[in-house]
Amino acid sequence: MASDKNIIEKNDKVFSDIEFENSLLKDVVMSDAILYFKVNVTKDLICERNIINPNSQVQVPQPEDFGLTPPYSFKELCQKISNSFIPNDSEDDVSFLNDPLNKIREAYEKGIKTIYKNYWIGKDNKKITLINQLLVLRKHKDGDLYAFSVLRNFYKVQQELKRSYEKEIENFAFYDAITEGANYNKFKTTLKKLGIPGVIVAIDIHSFKIVNSICGISKGDLVIKTIWEKITSTLDAEKNEFAAHVSSDHYIVFYPTYDTELIIEKIEELTKLIRDCSQTLKVPTLEPYFGISEWHPDKKVELSNNEAVIAKHTAKNLTSENYSFFDRRDNLRLIREKRIIDSFDSALEKEEFKVWFQPKYNPITKKMVGAEALVRWQQEDGSIISPISFIPIFEQNGIIRKLDEYIFRKVCQYQKEWEKQGKKTVPVSVNLSRASLYFKDIVSQYKQILDDVGLKPNLVPIEITETAAVNNESIKDIADNFYKAGFPLHMDDFGSGYSSLSSLNVLHFETLKLDKSLVDYIGNFGGDRVIEHTICLAKELGISVTAEGVENEDQDRFLKHVGCDNIQGYFYSKPIPCEEFELKLDNYCLINNNLSTDKIAEHIVEYRQSLIKPTLYTFIVNLSQNYITQDSGVCDWLSEVKNFSSYDEVVKNLADNYILDQDREAYLNFFDRNKILESYCGSEETRILHYHRYLQKNPSKMRSLINIFTVPESKDLLMYVSVTQLN
Ligand code: C2E
Ligand code: MG
Ligand code: MG
């Protein structure tokens, strides 16, 4: 009787099902069977028998039937065969061979559908080959019990299994799924086995993530594979040069030489090949950079690799070359990093961390609509350290949480103070590092700070970087809790990683911030389309869009055109210290703290009703205080005047650069602030001037209407200017 360990349960279909027979036969062929019988157990008859040629995997007719003439019985066959079988050591297998039919019947009655046995084939009691027999038992619909018997070479089966298993393990351990080439494990093993000195070169591509953002991840994978092919095409295997794909856009190469010139030559060749890929693949320029470290058999491969990676980071910031050899001085950087960490507590105590503000503007009205708080480290000697030099260091050891919380508290306190002073404030967003997000109690802590200060959360939106937000379930909970607590959430750096618009929706983001790297592609490689579609999708999801890193007029114009809600960038303003930002807030209030802006709006609405022709742009001047506030307009007037701090300067600049000579004097007279102040007779007044100016480099006929007025509660004299193009 078959013991339990020899039983494998299979499905219990009635075997007349042709599919079953076919699939069984297929399994049999695949599993390297030698012999196959179909046995009618009830009638003790062999119905079918085949020898299966394991080499060709094709069924061949059996040349002889062990001296039997068909039809013959299974029992007869078993006896014949068993002459050359030496029963296995197991008692059970011996007894099965002596009485196969009853054993099969007994097994089937117990519900057993599969029997598995091993026998030795031998001569003179000498074991030659171990045979494995598999019997699949099925009842035919006519009521007879059938057994499908398959004999296999046990070792061959085992060997095959082992080989395919080993191959699978090797593939998994040594090969890379994207490039189908070697991975870092394979690289290490090969190098250790080879044991000859040389250099390890680490390769990376500048702004590779942008390829994924702009062209999609499958194109990104194609780029990774193509670069891999370029790298391997330069390798001479006979000289023991080899490479591996480490991850994403990171590759590693081994050259068995210390010859610097030769290495640089190789790097230059690779640089050219990789750059050329951009054109053939139609993607943004692929700019590689390289770090090089020496290796010898007594050194750990990991250590050399680390050194090459450190050197690669040095190369990333070089402008002269795109490669760097590892230098012991790089270790100094690590020491410097430690010093930064050690001085954090005292810097915090001495209030060396300052909040700077970068305003965000509405591209249509050119009005400031918000700002982002950006930390600066102002040291005792007055020097200012940029956050990119210390934030990544603080992110590695949890210090960042303290800093983020400190900045958040400061911003809340500023907002409260401005509120008290009656300034018209704007929301100031605060960055929250992904490392801070790992602290579960962060939301309650931020809420506590708001309560302490007495501020509403809508004035301090939270910026969470895209990569943190997209890939992490626990962050989802924290983002949810911030949202529930009333904090507007901004997804920062969108487009710098594996951008996912779907996560925006799930994570309740109110605003998406397009990363500078994406904005830089405006006008290139489909960057326009990506931005346009992103904005479109965001709008559909009810999410507003702020573009970061906007540096020029073309970018500003394009973004305005495609409906980008807000702009943050050097084009409007660099990050500025608190005192400067406060001035902007003052200006933002138009006139002064006591003056109601509603009153001005009322006045302007009334005045506008009397104008018939649509205006090109309008603005308001505080003549008493000598400054100007852009109100609205369809032309990029602000770009002409944004660098001037007073109304007087603006008038002079416009007259010098844009007004045709013939009208310059009249223009200067008309808009002269002192003259207007002197001539104002105490009641509202409208004046008109026709003149010619250059508009987009062409002369145009213009009309300026000015309305001079005061509003209650203010002593200042105001002027509303509307400019119309007449041709
Ligand atoms: P971010 O949050 O994406 O901030 C925008 C960065 O882009 C700022 O760099 C800003 O100065 C810069 N930027 C804005 N417009 C332009 C432009 O037109 N051209 C160029 N070239 N750059 C522009 P910054 O201030 O150096 O900050 C860098 C990063 O440091 C920030 O990127 C943010 O991730 C991080 N950071 C700054 N302050 C904090 C903070 O308090 N906490 C945390 N966790 N991170 C912070
Ligand atoms: Mg930010
Ligand atoms: Mg950003």
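Read on for a plain summary of the structure. Treat the numbers as computed from the prediction; the structure is a model and nothing was measured. (Residues numbered from 1 in each chain as written. Chains lettered and ligands numbered in written order. Predicted model: local features only at pLDDT ≥ 70, side-chain atom pairs only at ≥ 80, totals over all residues. Heavy atoms only, no water.)

## With respect to the overall build of the chain
Note the threshold: A run of H or I in DSSP becomes a helix once it reaches four residues, and a run of E becomes a strand once it reaches two; helices and strands are each numbered from the N terminus. Only protein chains enter the accessibility calculation, which uses a 1.4 Å probe; a residue is then buried when its area is under 20% of its type maximum, exposed when over 50%, and partly exposed in between. The contact definition used throughout considers only heavy atoms, calling two residues in contact when any of these lie within 4.5 Å. For every accessible area listed, the method is Shrake-Rupley and the probe measures 1.4 Å; residues are considered covered only by the protein chains on display.
For the chain, the count of helices and strands is 27 helices and 27 strands. Counting across all 727 residues of the chain, residues that qualify as buried make up 50%. For the chain, the proportion of contacts with a sequence separation of at least 24, taken over those separated by at least 6, is 62%. A total accessible area of about 36100 Å² is found for the chain, and carbon and sulfur atoms account for 50% of it.

## What about helix 8 (residues 217-233)?
Applicable threshold: Here the expected span of a helix is defined as 1.5 Å times the quantity of residues minus one.
Its 17 residues place the ends of helix 8 24 Å apart at the C-alpha level, agreeing with the 24 Å of an ideal helix rising 1.5 Å per residue. Within the span of helix 8, buried status applies to Gly 220, Val 223, Ile 224, Thr 226, Ile 227, Trp 228 and Ile 231. Lining the buried residues of helix 8 we find strand 8 (198-205), helix 7 (209-215), strand 9 (242-247), strand 10 (250-255) and helix 9 (260-281).

## Examining the coordination of the magnesium ion (ligand 3)
Formally: Each metal's donors are the N, O and S atoms found within 2.8 Å of it, except that Na, K and Ca use a 3.2 Å limit; water is left out, so coordination can look incomplete.
In this structure, Asp 492 (OD), Asp 493 (OD), Glu 548 (OE) and Glu 548 (OE) serve as the protein donors to the magnesium ion (ligand 3), at separations of 2.1 to 2.7 Å. Sequence positions of the residues that donate to the magnesium ion (ligand 3) give the spacing D-D-x54-E. Taken as a pair, the magnesium ion (ligand 3) and the magnesium ion (ligand 2) lie 4.0 Å from each other and share Asp 492 as a ligand.

## Considering the environment of Val 519
For Val 519, the location among the structural elements is in helix 19 (residues 516-519). A C-alpha to C-alpha distance of 7.9 Å links Val 519 and Ile 531, two positions 12 residues apart in sequence. With near-sequence residues (within four places) excluded, Val 519 lies in contact with Leu 514, Ile 531, Ala 547, Glu 548, Gly 549, Val 550 and Gln 555.

## Observations concerning helix 6 (residues 184-194)
Spelled out, the test is: Note: the arc covers the axis-to-C-beta directions of the helix. Counting of polar contacts relies on pairs of N or O atoms within 3.5 Å, with two restrictions inside protein: one atom must be capable of donating a hydrogen and the other of accepting it, and residues adjacent in sequence are counted only when both atoms are side-chain atoms.
All of the buried residues along helix 6 are Tyr 184, Phe 187, Lys 188 and Leu 191. Each buried residue of helix 6 sits inside an arc of 95° when the element is viewed along its axis, so together they form one side. Buried residues along helix 6 sit in contact with strand 8, strand 9, strand 10, strand 11 (288-295) and helix 10 (301-316). Two or three places before Asn 185, at the start of helix 6, stands the capping residue Asn 183, its side-chain oxygen 3.2 Å from that residue's backbone nitrogen. A positive backbone phi angle near 60° is found at Gly 195, which sits one or two residues after helix 6.

## Regarding the environment of Leu 489
With respect to the helices and strands, the residue Leu 489 is situated in strand 18 (residues 489-494). On the accessibility criterion, Leu 489 (1% relative accessible area) is buried. C-alpha separation for the pair Leu 489 and Ile 462, spaced 27 residues apart in sequence, amounts to 5.1 Å. Aside from chain neighbours lying at most four places away, what touches Leu 489 is Ile 462, Ile 464, Ala 479, Phe 482, Tyr 483, Leu 507, His 508, Phe 509, Glu 510 and Thr 511.

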